[in-house]
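Commentary on secondary and tertiary structure
Residue strings, one per chain:
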Amino acid sequence: MNDLAGRAWAEVADLLDVQLSPLGLRAIEALSPQIGEAVLDVGCGAGQSVLQLADRVGPRGRVTGVDIAPPLLEVARRRAVGRSQVDFIECDALKLALPERSIDCVFSRFGVMAFRDPVAAFSNFRRTMRPSGRLAFVCWRSLDENELDYLPLQAAGLEGRLDPTPFSFADSGYIRTTLQTAGFRQVTIQAHDEMVSSGDLDAMIVVLLSVGALGKIVREHPHMRAAAESRVRAALAARGKQAARRTIHSPFPRDLRLDD
């Protein structure tokens, strides 16, 4: 992540947390961190998931967040003031040099898709984990399964400029092979669909034009911003109207009677 991207992510951190938190919490539930455990949060960003993990492990536990973006870590450290069990490391996950068998759990909320060498990165995580250690992360499936990125890209007419990196773990078979090669066993992969949002239409526009698939294109080509914003705003407004119409349909079959 370059400085421009890091600053963009930091500027929308609060809105992005609203959007991504429900998905990260699914992975935290699967991880099931326990009181007193040591957890590594890979690609911790602005630190929301670090604090959520810290709530799970309590004051006797430890949560270490690692990220490569200084602007995001600056936000994370401000948020974590007063949390003695939390610390942060600015580092590429491939070069992370934590002691062997010092970690109970490894977690990531959309922080594992850009590794130059995924097997080496996960092997390094495995090295730091105790024999009973656990790993859980959430990552994107394919673009065509991801309306959050696909709809804005399509509306802006910029699908051809997509950076495929965020979708590098779209193939569950690839994930399984990567983890098993890195030494992990009992690998479980579960698809999950959930409606997420950063708030109202204006909030979504801010996030979509700052980060994610469309945001990356607009950051690198600022002259495209105005046209993209107009088209995406119209598409999201239409999508919202469709969703509203669906919500007023009766949720019950016509022949179903609800008795007191």
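Data block above holds the structure.
The residue numbers shown here count from 1 along each chain, following its written sequence. Side-chain atom pairs in this predicted model are given and counted only at pLDDT of 80 or more, local residue features only at pLDDT of at least 70, and totals for whole chains, interfaces and linings cover all residues. Only hydrogens and water are removed before side-chain values are computed, so all heavy atoms of the structure are retained for them.

Description of the overall build of the protein
A run of DSSP states H or I qualifies as a helix once it reaches four residues; a run of E qualifies as a strand once it reaches two. Both are numbered from the N-terminal end. Secondary structure summary: the protein contains 10 helices and five strands in total. Just to be clear, the radius of gyration here is over C-alpha atoms, and the globule rule we use is 2.2 Å times residues to the power 0.38. The C-alpha radius of gyration of the protein comes to 20 Å, within 12% of the 18 Å expected for a compact globule of 260 residues. The rule is simple: take the accessible area with a 1.4 Å probe, protein chains only, and divide by the maximum for that residue type; under 20% is buried, over 50% is exposed, in between is partly exposed. Across the 260 residues of the protein, 45% fall into the buried class. Element-wise, carbon and sulfur atoms account for 51% of the exposed surface of the protein, whose accessible area totals about 14,000 Å². We score Asp and Glu as negative and Lys and Arg as positive, and we do not count His or the chain ends. Here the site of a charge means atom NZ of a Lys, CZ of an Arg, CG of an Asp or CD of a Glu. For the protein, the separation between the mean place of its 32 positive charges and that of its 32 negative charges on side chains is 2 Å. Note on areas: Shrake-Rupley with a 1.4 Å probe; residue coverage comes only from the protein chains shown.

So, the sheet that holds strand β2 (residues 62-67)
Two strands form a pair only when DSSP identifies at least two bridges running between them. Strand order in the open sheet formed by five strands is β3-β2-β1-β4-β5, with parallel pairing between adjacent strands. At either end of the open sheet lies a strand with only one pairing partner, and these are β3 (86-90) and β5 (129-138). Direction aside, neighbouring strands of the sheet carry axes that sit 20° apart on average. In terms of strand pairing, strand β1 (residues 38-42) meets β2 through five bridges, oriented parallel. Pairing of V42 across the sheet is with V66, part of β2. Sitting on the sheet, helix α3 (residues 48-57) touches β1, β2, β3 and β4 (103-109), and the angle it makes with β2 is about 165°. In this analysis an axis means a line fitted to C-alpha atoms, helices contributing only their contacting stretch, and an angle means the value between N-to-C directions, from 0 to 180 degrees. In what follows, residue pairs with any heavy atoms lying within 4.5 Å of each other are defined as contacts.

Description of the pattern of salt bridges
Should a side-chain nitrogen of Lys or Arg be within 4 Å of a carboxyl oxygen of Asp or Glu, the pair is scored as a salt bridge. The full count for this structure, using the stated rule, is 16 salt bridges. With a closest N to O distance of 2.6 Å, D14 and R79 form a salt bridge. Taken together, the positions of D14 in helix α2 (residues 13-31) and R79 in helix α4 (residues 70-79) put the pair 65 residues apart, joining distant regions of the chain. Note on D14: relative accessible area 56%, which makes it exposed. Linking R78 and E74 is a salt bridge whose minimum nitrogen-to-oxygen distance equals 3.5 Å. Of this pair, R78 and E74 both sit in helix α4, four residues apart, which is roughly one turn of that helix. Members of the salt-bridge network, linked through shared partners, are D14, D17, R79 and R109.

Looking at the pairing of β3
Relative to β3, β2 runs parallel, the two sharing five bridges. What sits directly across from V63, in β3, is V86. Following the backbone out of β2, through α4 and into the adjacent parallel β3, one traces a crossover that is right-handed. Look down the strands so they point away from you; if the path from the first strand over the helix to the second goes clockwise, the crossover is right-handed.

Digging into the pairing of β4
Most of β4 sits inside the fold, with seven of its seven residues counted as buried. Across three bridges, the pairing between β1 and β4 is parallel. Residue L40 lies in a different strand from β4, and its bridge partner there is V106. The pairing of β4 with β5 spans six bridges and is parallel.

Topic: the environment of E145
Considering the arrangement of structural elements, one finds E145 in the loop between β5 and α6 (147-156). With 133 residues separating them in the primary sequence, E145 and V12 have C-alpha atoms 24 Å apart. There is a polar contact of 2.7 Å between the side chain of E145 and the side chain of S142. The definition of a polar contact used here is a pair of N or O atoms within 3.5 Å, where within protein one atom must be able to donate a hydrogen and the other to accept one, and adjacent residues in sequence count solely through side-chain atom pairs.

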